[in-house]
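So you can see what is in the structure, the chains are spelled out below.
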Amino acid sequence: MEEKIKIGLALGGGSARGFAHIGVLKVLEEAGIKADYLAGCSMGALIGAFYASGGRIKMLERFSRAVDRRNWVDLAFSRMGFISGKKIEDILYLMTRRSAFADLKIPLAIVAVDLYSGQKVILKEGLVSRAVRASISIPGYFVPVEMDGMLLVDGGVLDRVPADVARQMGAEFVIAVDTGFYPESGKISTILDVISRSFDIMAREITRNYLIDADIVINPDLAGVAPSQFDKAAEAIAIGERAARDALPRILEMLESRGALA
C-alpha cells in the first residue's frame, strides 16, 4: 500500500479574524484530515499551539467566546509598546499545558521577526507559550520579546501565512488558511485596526509569494470582522467553518488523488 503523504497546515495571522482557524480545524478534523505538521503566525500560532498541545476544538471554541480583554491586557510602562504581554503569556502557558516544543503531539513551527537582523525567525525549541507570545507581538502594540539576543515581534511583518514553513518541515501537501486583506471593509476604529490594516497592506505581495508553497488556500470571508473585534469570535469561527466546508470537496479530491486518504 502506498505510504500516506504528510499533511501540513499553515495558519495565518489576523488578530480577531484568526478565530476562523478554529472553524477550519473543526471541519478538517470531522473529515478525518489530520495534520502531520503545523506552522503558525500570530493568531495562527496561538490557535496552532493549543491544537498541537492536544487541546480539543470544543474547548478552544468555548474559550474564544469567553475572551475578555481585561484578562489579557496589561498596560506597560515601556517605550516599545503599551501592552506588556505578561498576562497573555501566562494564559498561553496554561492553554498549551506548560508544553515545550518537544512535548507537542503535532510538530509545530512558529514564525516571528527579529528587529535587530530584520530576518524571519522560525521558533521550534523551548517553551511554546514564549514563542507564541513573540509571534503575536504586534509592533507598537505589544512590547517585543527578548530571546537569545533577538528582539522578536509579530511574524506577520514578513510571513503572515507560513505555507513555506510547513513545506520546509516536511509536509508534502500544504493547506493554508489566509484570513485575508479587506480594503473595503471600512472597519477601522482602534489602534489595533490601524496597525493591522497597515500590516495587511505591506504583506499583500509578500504573502502571495509564500502562498506558492500551498497546495490549497482557504480564504474565509472575514470582511465583517475587524482585527480588534474579539467579541465576534463566534462569527469568525462560523465563517471559517463555512469556508472550510466549501473547500473540503476539492481538498478531499486532491488528497485522494495523491494517496493521502489510503
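Here, the structure is the one placed above.
Residues numbered from 1 in each chain as written. Predicted model: local features only at pLDDT ≥ 70, side-chain atom pairs only at ≥ 80, totals over all residues. Heavy atoms only, no water.

Participant: I keep staring at the nonpolar core and nothing clicks. Help me out?
Facilitator: Nonpolar side chains in soluble globular proteins generally cluster together in the buried interior. Counting residues in each nonpolar core, the largest one holds 71 residues, and the members touching the most others are Leu-123, Ile-175 and Ile-251. Residue contributions to this core peak at eleven residues, all from helix H9 (residues 233–257). Non-local contacts of Ile-251, meaning those with residues more than four positions away in its chain, are made with Leu-28, Ile-33, Phe-173, Ile-175, Ile-216 and Ile-218. Grouped together as the second largest cluster of nonpolar side chains are 16 residues, Val-111, Ala-163, Met-169 and Ala-176 included. (Core = buried A, V, L, I, M, F, W, Y, C linked by side-chain atoms within 4.5 Å. Buried < 20%, exposed > 50% of the residue type's maximum accessible area, 1.4 Å probe, protein only. Helix = DSSP H or I, 4+ residues; strand = E, 2+ residues; numbered from the N terminus. Contact = heavy atoms within 4.5 Å.)

Participant: Looking at this structure, how should I read the environment of Val-174?
Facilitator: With respect to the helices, strands and loops of the structure, Val-174 is situated in strand S9 (residues 173–177). Given the relative accessible area of 0%, Val-174 is considered buried. With 139 residues separating them along the chain, Val-174 and Ala-35 place their C-alpha atoms 9.3 Å apart. Ignoring anything within four residues of it in the chain, the contact list for Val-174 reads Gly-8, Ala-10, Ala-163, Ala-166, Arg-167, Asp-213, Ala-214, Asp-215 and Ile-216.

Participant: Hey, could you run me through the pairing of strand S2 (residues 37–41) in this one?
Facilitator: Each regular strand shows side chains that alternate between the opposite faces of the sheet. By the criterion of burial, S2 is predominantly enclosed, with five of the five residues buried. The alternating pattern of S2 places Tyr-37, Ala-39 and Cys-41 on one face and Leu-38 and Gly-40 on the opposite face, and all of these are buried. Where strand S1 (residues 7–11) lies against S2, four bridges are found, and the strand directions are parallel. In the sheet register, Ala-10 faces S2, and the bridge partner there is Ala-39. Traced from S1 through helix H1 (residues 20–30) to S2, the parallel crossover comes out right-handed. (Pairing = 2+ DSSP bridges. Right-handed = clockwise from strand over helix to strand, strands pointing away.)

Participant: Just checking my understanding: could you explain empty space enclosed by the protein for this structure?
Facilitator: Rolling a probe over the atoms, with the probe sized like a water molecule, indicates the empty space that remains. For the structure shown, the criterion picks out two cavities of 30 Å³ or more. For the largest cavity, the calculated volume is near 160 Å³. Taken together, 16 residues form the lining of the largest cavity, with Gly-13, Gly-14, Ser-196, Phe-199 and Asp-200 sitting closest to its centre. The element contributing the most residues to the lining of the largest cavity is helix H8 (residues 191–210), with four residues. Within the lining of the largest cavity, the residues separate by chemical class into four nonpolar, eight polar and four charged. (1 Å grid on protein atoms, 1.4 Å probe; cavity = no way out; pocket = protein on both sides within 12 Å on 5 of 7 lines; lining within 4 Å. Points joined across faces, edges and corners; volume = space filled by probe spheres on them. Nonpolar A, V, L, I, M, F, W, Y, C, P; charged D, E, K, R; others polar.)

Participant: Just checking my understanding: could you explain the side chain of Ser-135 for this structure?
Facilitator: The topology assignment puts Ser-135 in helix H6 (residues 128–135). A residue is classified by how much of its surface remains accessible, and Ser-135, at 0% relative accessible area, is buried. At 2.6 Å, the side chain of Ser-135 forms a polar contact with the backbone oxygen of Val-111. (Polar contact = N/O pair within 3.5 Å; in protein donor to acceptor, adjacent residues only side chain to side chain.)

Participant: Please explain helix H3 (residues 57–65) as it appears in this structure.
Facilitator: One turn of an α-helix holds 3.6 residues; hence residues three or four places apart share an orientation. Within the span of H3, buried status applies to Ile-57, Leu-60, Glu-61 and Ser-64. Mapping the buried residues of H3 onto a view down its axis gives an arc of 105°, with all of them on the same face. Those residues of H3 that are exposed and angled more than 90 degrees off the buried face are Lys-58 and Arg-62. Buried positions along H3 lie against H1, helix H2 (43–52), helix H5 (86–95) and H9. (Arc of directions from axis to C-beta.)

Participant: Any chance you could explain the packing of H2 against H6 here in plain terms?
Facilitator: For any two helices packed against each other, one specifies the crossing angle of their axes together with the interaxial distance. The interhelical angle for the contact between H2 and H6, taken along N-to-C directions, is 160°, at an axis separation of 8 Å. One element, H2, and the other, H6, form an angle in the roughly antiparallel class. Both H2 and H6 take part in a crossing whose hand is left-handed. Residues Ala-45, Leu-46 and Ala-49 of H2 pack against Val-128, Val-132 and Ser-135 of H6. Class assignment for the residues of the contact of H2 with H6 results in five nonpolar, one polar and no charged. (Axes fitted to C-alpha atoms, helices over the stretch in contact; angles between N-to-C directions. Parallel < 35°, antiparallel > 145°, perpendicular 65-115°, else oblique. Left-handed = near helix turned anticlockwise from the far one by under 90°.)

Participant: Is there a simple way to think about the packing of aromatic side chains in this case?
Facilitator: Between two aromatic rings, the relevant description is the distance of the centres plus the angle of the planes. Scanning all chains against the criterion turns up three aromatic pairs. Ring centres 5.0 Å apart and planes at 75° place the aromatic pair Phe-82 and Tyr-141 in the edge-to-face group. You can see Phe-82 sitting in strand S4 (residues 81–83) and its partner Tyr-141 sitting in the loop between H6 and strand S7 (145–147), a full 59 residues away along the chain. With relative accessibility at 30%, the residue Phe-82 sits in the partly exposed group. Taking the relative accessible area as the measure of exposure, Tyr-141 reaches 5% and is therefore buried. Seen from their ring centres, Tyr-141 and Phe-142 are 5.6 Å apart, and the 75° between their planes marks the pair as edge-to-face. Chaining the aromatic ring pairs together yields one cluster made of Phe-82, Tyr-141 and Phe-142. (Phe/Tyr/Trp six-rings, centres within 6.5 Å; stacked < 30°, edge-to-face > 60°.)

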